[in-house]
Amino acid sequence: MGSVRTYTDLDVAVRSDTSEVGEGPVFDPRTGRLVWVDIYGGTVYEDDLATGRQTVTEVGVMVGAVAPRAHDDGFAAAVAGGFGFLVDGVTTVVDPVLPEPNLRMNDGKVDARGRFWAGSNDMRFAPGQGRLHRWDADAPSVVVADGLVLPNGLGWNADNTVMYLADSYARLLYRSAFDADSGELGGLEVLTKTDGSGVPDGLAVDVDGCFWTAMHGGAEVRRYDPAGRVIGRVPVPVPQPTSCAFGADGRLYVTSAREGLSAEDLERSPLSGSVFVVATDTRGVPVAAFRG
């Protein structure tokens, strides 16, 4: 393996000591704001990074991810019971895909054609109960992969021929051939099993075909090449980075979590729950808005 670059030009983008599990960062093309969620807190944050102004919306249920909408106000959302909309602070579940107890929706992202993809998992992280769902807006959602543990970060390469997916507690990073027109996968193939500390969480894909994965419990973000080799590391000053998203200028924004940390952990890492930003040498693949 060649040399591994370490990215050290890191700063705090949004300071927070209240978010338990910061997740799902995405830039809203309608406002330019960084949008992210606190899963267990049931909260959506919208941050104007230029002014420091923050808008906080209490959703009232666990929220795994939100996505800006292309033609309407508010957001599409993956919440505890399924897919729905968050408009003016009110959450409406329109696709209740999780009637079973102890299941919840997790991280999600929109593909280039405007379809919303999100994982679901057992609250106790039972093996085999994790699923990957696709919501096309004009039809009920479908399960496109099952038998997982905690399907988490996902994204697509620049030409929309490959999808990447992290299964956190299996410590696996998958890739699959992807057909953008139909939204079909060619089948998940294990790209690599992660080693070292932490588990792979949320991810972002860059225009060079590589992807950046937050290592929850590992205090770093790793950059993987398309063959699954680590080619970059971003050390972060908190033990639980959770996900990441590129800004238009190529800087990478990294969310983090406080949940599960002891008082001693928090004393050592008081910025846990905050959002960090680091300069990179690439740019992210643009993330589309939900078409529904």
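Everything numeric in this text was worked out from a predicted model, so none of it was measured.

S.K.: Account for the overall build of the protein chain, with residues named and values stated.
M.R.: A tally of regular secondary structure across the protein chain gives 1 helix and 26 strands. For the protein chain, whose C-alpha radius of gyration is 17 Å, the value lies close to the compact-globule estimate of 19 Å for 292 residues. Referenced to the eigenvectors of the C-alpha coordinate spread, the extents of the protein chain come out at roughly 45 × 40 × 35 Å. A total of 292 residues make up the protein chain; the buried ones form 56% of that total. Contacts spanning at least 24 positions in sequence make up 47% of the contacts within the protein chain whose residues lie at least 6 apart. Summing over all exposed atoms, the protein chain offers an accessible surface of approximately 11700 Å²; the carbon and sulfur share of this is 48%. Averaged over its 25 positive side-chain charges, the protein chain has a centre that lies 3 Å from the centre of its 40 negative ones.

S.K.: Give a detailed account of the sheet that holds strand S10 (residues 90–95), specifying residues and quantitative values.
M.R.: Here we have 4 strands laid out as an open sheet, ordered S7-S8-S9-S10, and antiparallel in their pairing. Two strands bound the open sheet, and with one partner strand each, they are strand S7 (63–68) and S10. Pairwise comparison of adjacent strand axes, ignoring direction, gives a mean angle of 30° for this sheet. Pairing geometry for strand S8 (residues 75–79) and strand S9 (residues 82–87), over 5 bridges, is antiparallel. Looking at the pairing, Ala77 lines up with Gly84 of S9.

S.K.: I'd like to hear about the pairing of strand S20 (residues 199–205), residue by residue, with values.
M.R.: Summarising burial for S20: 7 of the 7 residues are buried, a large majority. For S20 and strand S21 (residues 211–216), the ladder comprises 5 bridges, and the chain directions are antiparallel. Considered in S21, the bridge of Val205 is made with Phe211. Counted between consecutive antiparallel strands, the loop separating S20 from S21 contains 5 residues, among which Gly209 sits at a positive phi close to 85°.

S.K.: How would you explain unusual backbone geometry if you had to name every residue and give the values?
M.R.: Excluding glycine, a negative phi dihedral is what most residues carry, and trans is how most peptide bonds are arranged. Even without being glycine, Phe125 reaches a positive phi, approximately 60°. As for its position among the elements, Phe125 is in the loop between strand S12 (116–122) and strand S13 (130–135). Given a relative accessible area of 25%, Phe125 falls into the partly exposed group. Its identity is not glycine, yet Arg171 carries a phi of approximately 60°, on the positive side. For Arg171, the location among the structural elements is in the loop between strand S16 (162–167) and strand S17 (172–179). Assessed through its relative accessible area of 22%, Arg171 is described here as partly exposed.

About the thresholds
- Residues numbered from 1 in each chain as written.
- Predicted model: local features only at pLDDT ≥ 70, side-chain atom pairs only at ≥ 80, totals over all residues.
- Heavy atoms only, no water.
- Helix = DSSP H or I, 4+ residues; strand = E, 2+ residues; numbered from the N terminus.
- Rg over C-alpha atoms; globule rule 2.2 N^0.38 Å.
- Buried < 20%, exposed > 50% of the residue type's maximum accessible area, 1.4 Å probe, protein only.
- Contact = heavy atoms within 4.5 Å.
- Areas by Shrake-Rupley, 256 points an atom, 1.4 Å probe, with all protein chains shown as cover.
- Lys, Arg positive; Asp, Glu negative; His and termini not counted.
- Charge placed at Lys NZ, Arg CZ, Asp CG, Glu CD.
- Pairing = 2+ DSSP bridges.
- Axes fitted to C-alpha atoms, helices over the stretch in contact; angles between N-to-C directions.

Shape is all these values report; function is a separate question.
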